[in-house]
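# A look at the structure
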Amino acid sequence: MTIVGKTAEAAGFRRTRWLLTAVLALYFVYTFVPIFYVFVSSTKTNPDLFATFGLWFSNDFHLWQNLHDLFTQDHGIFGRWLWNTFYYATIAGIGAALVSTLAGYAFAKYEFAGKRAIYALVLGAVMIPQTALVIPLFLLFSWVHVLNTPWAVILPSLVFPQGVFLMRAYIDEAVSGEIIDAGRVDGAGEFRIFWALAFRLIAPAFATVFVLAFVASWNNYFLPLVVLNSNDLFPVTVGLSNWYASVASGNGAQLLYTIIMAGALVSILPVIIAFLFIQRFWQGGLSAGAVKS
């Protein structure tokens, strides 16, 4: 007689489940602890930051004063950096998602000379570290006189090979050839077929690529560091790094570490909010697109 739950298969399933749960728990700790540390550090005074346990609060809850000091330091330059980051990331996210969608649609639904070779180049670009392209981009932008402008940050972010790969794979499954043929029979042009028919089906994938490109641009550090030299054009990543360098160098700067930690906390909130805002549409759309008629 076999007892339910006592078979070798059931025991193996339980071991696999516990192993996966342990891996997920470790990943959660790895992800959550740094964020919690930033939040806790943002609530402390500068002496408490170094004198108390790093992963718990001190008796003096100083968050609101730190936020006030953050947005008033250097005549409120942090607010400018935050706006710059939002502007760069939003334009880059929308542009990269749109370019990736159009390119993915062309690769998935059209036949043209050199299609395989061009797509192979796109896949190869995924393997190239972005930092390796910064110096060539610097020289190119210097030649066309766009250094130290927002375009020097936005234009490279519009090229998102990962997005092209994801959009082609999704469009292959989500948009059937019959839908495109039906639109052509009804007399619709190619752009009308794309916007009126195909885009409705691939909107969840578009949102996914937008989120990925938005986060990548928001966290971008090395490219703005190289192509920008005006303090008023810096994103948050470069601005906070410069503040930290001023404090660490001991050159008499009056910046406090707690202000920098408060800036780090504020800088991650828009990314979390953007993800939570789009998550319902993203998950619901992907689930709907996964059901085939």
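Residues numbered from 1 in each chain as written. Predicted model: local features only at pLDDT ≥ 70, side-chain atom pairs only at ≥ 80, totals over all residues. Heavy atoms only, no water.

## Observations regarding the overall build of the protein chain
- Secondary structure summary: the protein chain contains 13 helices and zero strands in total.
- Against the 2.2 N^0.38 benchmark of 19 Å for 293 residues, the protein chain shows a C-alpha radius of gyration of 24 Å, more extended than a compact globule.
- Projected onto its principal axes, the C-alpha positions of the protein chain cover 80 × 70 × 30 Å.
- Buried positions account for 36% of the 293 residues belonging to the protein chain.
- A separation of at least 24 residues holds for 71% of the contacts in the protein chain among residues at least 6 apart in sequence. (Helix = DSSP H or I, 4+ residues; strand = E, 2+ residues; numbered from the N terminus. Rg over C-alpha atoms; globule rule 2.2 N^0.38 Å. Buried < 20%, exposed > 50% of the residue type's maximum accessible area, 1.4 Å probe, protein only. Contact = heavy atoms within 4.5 Å.)

## As for the packing of aromatic side chains
- Following the criterion strictly, the structure yields 23 aromatic pairs and no others.
- Seen from their ring centres, phenylalanine 28 and phenylalanine 32 are 5.3 Å apart, and the 5° between their planes marks the pair as stacked. With phenylalanine 28 and phenylalanine 32 both in helix H1 (residues 8–42), this residue pair falls four residues apart, about one helical turn.
- For phenylalanine 32, a relative accessible area of 40% puts it in the partly exposed group.
- Over the ring of tyrosine 119 we find arginine 168; its NZ or CZ atom is 4.3 Å from the centre of that ring. (Phe/Tyr/Trp six-rings, centres within 6.5 Å; stacked < 30°, edge-to-face > 60°. Lys NZ or Arg CZ within 6 Å of the ring centre and 35° of its normal.)

## Considering the nonpolar core
- Counting residues in each nonpolar core, the largest one holds 59 residues, and the members touching the most others are Leu70, Phe78, Ile202 and Trp243.
- Ranked by residues supplied to this core, first place goes to helix H10 (residues 190–218) with 14 residues.
- Excluding its chain neighbours within four sequence positions, the residues that come into contact with leucine 70 are Phe78, Trp243, Ile259, Ala262, Gly263 and Val266. (Core = buried A, V, L, I, M, F, W, Y, C linked by side-chain atoms within 4.5 Å.)

## Regarding the side chain of serine 267
- Note that serine 267 resides in helix H13 (residues 257–289).
- Polar contacts involving the side chain of serine 267 include one to the main-chain carbonyl oxygen of alanine 264, which spans 2.7 Å.
- Not counting residues within four places of it along the chain, the set of residues in contact with serine 267 comprises Trp218 and Val236. (Polar contact = N/O pair within 3.5 Å; in protein donor to acceptor, adjacent residues only side chain to side chain.)

## Considerations on the confidence of the model for the protein chain
- In this model, the protein chain carries an average pLDDT of 86, and 90% of its residues clear a pLDDT of 70 or more.
- Counted against residues more than four places away or in other chains, residues 285–293, with its pLDDT under 50, gives seven contacts. (pLDDT = per-residue confidence, 0-100.)

## Quick look at the pattern of salt bridges
- Taken as a whole, this structure holds four salt bridges when the rule is applied.
- For lysine 115, the salt bridge goes to glutamate 111, with nearest N and O atoms at 3.3 Å.
- The exposure class assigned to glutamate 111 is exposed, which follows from its relative accessible area of 69%.
- In this structure, arginine 168 and aspartate 172 form a salt bridge, with 3.8 Å as the shortest nitrogen-oxygen distance. Here arginine 168 pairs with aspartate 172, and both are found in helix H8 (residues 161–174), just four residues apart, close to one helical turn.
- For aspartate 172, a relative accessible area of 36% gives the class partly exposed.
- Among the ionic contacts, a cluster of salt bridges with common partners joins Asp181, Arg184 and Glu190. (Salt bridge = Lys/Arg side-chain N within 4 Å of Asp/Glu carboxyl O.)

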